[in-house]
Amino acid sequence: PGNFPAVANGDNTCPIRRTPEPSAMPLRARATRRTFTIGAVLATITCLTAAPAHRAFAYAWHSTDITGYVPDLSFNLTDANTGKPVTQTDFSHTFNLLYFGYTQCPDVCPLTLQRVTQVFDKLGKDKQHFRLLFVSVDPNRDTLPILKEYTQAFSPLIIGLRGDDNAIAKLARRYRIAYSVTPATKDHPYEVTHSSAIYVFTPDGAPRLLLGSLSTTTPDINGTAQDLEHLLHSQSPGLLSRLIGSL
């Protein structure tokens, strides 16, 4: 659980050290650790990315491959669109991007959601196989109607999710998301801070990618779209048939 890839500000790739080509020694994954600051939040994650075991696999991810190093998708929250309780199984027909934020965020959240929408648009008709699950870290102010209006203003593919303080804290711990909510006082305004990583899960809840560039000053819109497209079409024929059949 401690081996999580780091999101670097402006560079979300993890360097891989390769052994010399003439050597018969197998390639070994190397780990690097980098830190980044989003607003007032310092989030540190360990990056462990395996080098390709066979040269025939030519695709190079623009995002960070987190396969096997992040817990499977799991939650019990309320869907802002329907007002009904939902779990990860309610989203087993799509690839799901998981993002934590809040509706009154002045900059990072709206910018990130706008860029996610741009990525989805790059996918053309394939965008129907993806959802972004926007989990509010400020449930005291983000009521279901407010959350629904906010997310739908960006895209119908963005789903607002809300829970009580304990449910949000538990989910944030599961995915090493740092956030804080400080109530207003006479000397200090209401303040919310949060890290801005986006996790990508397969329809069966397996973690696959960490998108680190979309909240930075150098977002890789095209590269992120290529990663999602590759992720979709590299799935087994059985899964693709199930996704298409669910439409």
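Residues numbered from 1 in each chain as written. Predicted model: local features only at pLDDT ≥ 70, side-chain atom pairs only at ≥ 80, totals over all residues. Heavy atoms only, no water.

1. Comments concerning the overall build of the chain
And step 1. Counting its regular elements, the chain contains 5 helices and 12 strands.
And step 2. Among the 247 residues that make up the chain, the fraction classed as buried is 46%.
And step 3. Counting only contacts in the chain whose residues sit at least 6 apart along the sequence, the fraction spanning at least 24 positions is 70%. (Helix = DSSP H or I, 4+ residues; strand = E, 2+ residues; numbered from the N terminus. Buried < 20%, exposed > 50% of the residue type's maximum accessible area, 1.4 Å probe, protein only. Contact = heavy atoms within 4.5 Å.)

2. Quick word on the state of the cysteines
Formally, a disulfide is one covalent bond, and it connects the sulfur atom of one cysteine to the sulfur atom of another.
And step 1. Scanning the model with the defined rule gives 0 disulfides in all.
And step 2. Its sulfur unpaired, cysteine 105 is 3.3 Å from the next cysteine sulfur, which belongs to cysteine 109.
And step 3. For cysteine 105, a relative accessible area of 8% corresponds to the buried category. (Disulfide = S-S within 2.5 Å.)

3. Things to note about the pairing of strand S7 (residues 130–136)
And step 1. Buried residues dominate S7, accounting for 7 of its 7 residues.
And step 2. Alignment of strand S6 (residues 95–101) against S7, held across 7 bridges, turns out to be parallel. Paired with tyrosine 99 across the strands is phenylalanine 134, a residue of S7.
And step 3. The parallel pair S6 and S7 is bridged by helix H1 (residues 108–122), and the resulting crossover is right-handed.
And step 4. By the bridge criterion, 4 bridges tie S7 to strand S8 (residues 158–162) in an arrangement that is parallel. Across the sheet, residue leucine 133 finds its bridge partner in S8, namely isoleucine 159.
And step 5. As for the winding sense of the linkage, the β-α-β connection from S7 through helix H2 (residues 144–152) to S8 is right-handed. (Pairing = 2+ DSSP bridges. Right-handed = clockwise from strand over helix to strand, strands pointing away.)

4. Some words on the sheet that holds S7
And step 1. Spatially, the 8 strands line up as an open sheet ordered S3-S12-S11-S6-S7-S8-S4-S5, and their pairing is mixed. At either end of the open sheet lies a strand with only one pairing partner, and these are strand S3 (64–65) and strand S5 (85–87).
And step 2. Taken together, the 2 bridges between S3 and strand S12 (residues 207–211) define a ladder with antiparallel strand orientation. In the strand pairing of S12, threonine 64 is matched with leucine 210.
And step 3. Lying over the sheet, H2 contacts strand S4 (76–79), S7 and S8, oriented at roughly 160° with respect to S8. (Axes fitted to C-alpha atoms, helices over the stretch in contact; angles between N-to-C directions.)

5. Regarding H2
And step 1. Among the residues of H2, those classed as buried are Leu147, Tyr150 and Thr151. For H2, the angular spread of the buried residues around the axis is 90°, confining them to a single face. Of the exposed residues in H2, the ones pointing more than 90 degrees away from its buried face are Pro145 and Glu149.
And step 2. Each element contacted by the buried residues of H2 is listed here: H1, S7 and S8. (Arc of directions from axis to C-beta.)

6. Re the pattern of salt bridges
And step 1. By the definition in use, this model includes 2 salt bridges.
And step 2. In this structure, lysine 127 engages aspartate 121 in a salt bridge whose closest nitrogen and oxygen atoms are separated by 3.3 Å.
And step 3. Taking relative accessible area as the criterion, aspartate 121 reaches 47% and is therefore assigned partly exposed.
And step 4. Between aspartate 138 and arginine 141 there is a salt bridge, with the nearest N and O atoms lying 2.6 Å from each other.
And step 5. The exposure class of aspartate 138 is buried, given its relative accessible area of 0%. (Salt bridge = Lys/Arg side-chain N within 4 Å of Asp/Glu carboxyl O.)

7. A few points about the pairing of strand S11 (residues 198–201)
And step 1. Because side chains alternate across S11, one face comprises the buried residues Ile198 and Val200, and the other comprises Tyr199 and Phe201, equally buried.
And step 2. By the bridge criterion, 4 bridges tie S6 to S11 in an arrangement that is antiparallel. What sits directly across from leucine 98, in S11, is tyrosine 199.
And step 3. Pairing analysis gives 4 bridges linking S11 to S12, with the strands arranged antiparallel. In the sheet register, isoleucine 198 faces S12, and the bridge partner there is leucine 211.
And step 4. If you look at the hairpin formed by S11 and S12, you'll find 5 residues sitting between the two strands, and glycine 205 has a positive phi there, around 90°.

8. Topic: the side chain of aspartate 142
And step 1. In this structure, aspartate 142 sits in the loop between S7 and H2.
And step 2. Buried within the structure, aspartate 142 lacks any salt-bridge partner; its nearest side chain of opposite charge belongs to arginine 141, at an N-O separation of 5.9 Å.
And step 3. Only 2.6 Å separates the side chain of aspartate 142 from the side chain of serine 136, close enough to count as a polar contact. (Lys, Arg positive; Asp, Glu negative; His and termini not counted. Polar contact = N/O pair within 3.5 Å; in protein donor to acceptor, adjacent residues only side chain to side chain.)

9. A short note on the confidence of the model for the chain
And step 1. Looking at the chain as a whole, its pLDDT mean stands at 81, while 72% of the residues score no less than 70.
And step 2. Low confidence marks residues 1–56, where pLDDT is under 50. Its contacts with residues over four positions away, or in another chain, come to 106 contacts. (pLDDT = per-residue confidence, 0-100.)

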